[in-house]
Amino acid sequence: QVPLVESGGGSVQAGGSLRLSCTASGSTYCMGWFRQAPGKEREGVALSHGDDDTTYTDSVKGRFTISRDSAKRTVYLQMNSLTVEDTAVYYCAGALWRCQLTAASMDYWGKGTLVTISS
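Residues numbered from 1 in each chain as written. Predicted model: local features only at pLDDT ≥ 70, side-chain atom pairs only at ≥ 80, totals over all residues. Heavy atoms only, no water.

Peer 1: Account for the pairing of strand β4 (residues 30–36), with residues named and values stated.
Peer 2: Counting buried positions along β4 gives six out of seven residues, so the element sits mostly inside the fold. The pairing of β4 with strand β9 (residues 88–95) spans seven bridges and is classified as antiparallel. Note that in β9 the partner of Trp-33 across the bridge is Cys-92. Examined bridge by bridge, β4 and strand β5 (residues 43–48) share five bridges and lie antiparallel to one another. By the bridge assignment, Trp-33 is partnered in β5 with Ala-46. What sits between β4 and β5 in their antiparallel hairpin is a turn of six residues, with Gly-39 showing a positive phi close to 80 degrees. (Buried < 20%, exposed > 50% of the residue type's maximum accessible area, 1.4 Å probe, protein only. Helix = DSSP H or I, 4+ residues; strand = E, 2+ residues; numbered from the N terminus. Pairing = 2+ DSSP bridges.)

Below, the structure is given as structure tokens:
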């Protein structure tokens, strides 16, 4: 019902930066980013709530920034000071209403974009 399309993934060296973008075809109250590394569970990374509040998982606080352009139905994830531990497939997600840093709280998902950090 609300397709999400991510872009901006790629390979960068540790300490570098990368910016992910996600565009939704319809309105969502909450949008966010999740990631999944091989052998790991899908992890909530950052959320942008409809009231402009944001939520981050502890491991990315101070390094990642989530923002959104409501007119363009686009959410961004600016990732700085990247480390090898940030390597994962990053998924954009949206919720019709309130959301949390749990996959079950989301209603719509993008197909994912791979982020690889090399040492």
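On we go.
Peer 1: Run through the state of the cysteines, naming residues and quoting values.
Peer 2: Throughout the structure, instances matching the rule amount to two disulfides. There is a disulfide in this structure between Cys-22 and Cys-92, and the S-S distance comes to 2.0 Å. Because the torsion about its S-S bond is -80 degrees, the bridge between Cys-22 and Cys-92 counts as left-handed. In this pair, Cys-22 is assigned in strand β3 (residues 18–24) and Cys-92 in strand β9, connecting sequence segments 70 residues apart. In this model, Cys-30 is linked to Cys-99 through a disulfide, with the two sulfur atoms separated by 1.7 Å. With Cys-30 in strand β4 and Cys-99 in the loop between β9 and β10 (108–109), this residue pair connects regions lying 69 residues apart in the sequence. In terms of burial, Cys-30 and Cys-99 fall into one category: buried. Assigning the bonded cysteines of the protein consecutive numbers by sequence position, one obtains the connectivity 1-3, 2-4. (Disulfide = S-S within 2.5 Å.)

Peer 1: So what's going on with the pattern of salt bridges? Residues and values would help.
Peer 2: Enumeration over the complete set of coordinates arrives at four salt bridges. Across the pair Asp-58 and Lys-61 runs a salt bridge whose closest N-O atoms are separated by 3.0 Å. Overall, Lys-61 belongs to the exposed group, its relative accessible area being 51%. (Salt bridge = Lys/Arg side-chain N within 4 Å of Asp/Glu carboxyl O.)

Peer 1: Describe in detail the sheet that holds strand β7 (residues 64–69), supporting the description with residues and values.
Peer 2: Backbone-to-backbone hydrogen bonds pair the strands of a sheet. The strands run either parallel or antiparallel. Within the open sheet, the four strands sit side by side as β1-β3-β8-β7. Their pairing is antiparallel. Single-partner strands in this sheet number two, and they are β1 (4–7) and β7. Each strand axis lies, on average, 15 degrees off the axis of its neighbour in the sheet, ignoring direction. When β1 meets β3, the two strands line up antiparallel, connected through four bridges. (Axes fitted to C-alpha atoms, helices over the stretch in contact; angles between N-to-C directions.)

Keep in mind these numbers describe shape, not what the thing actually does.
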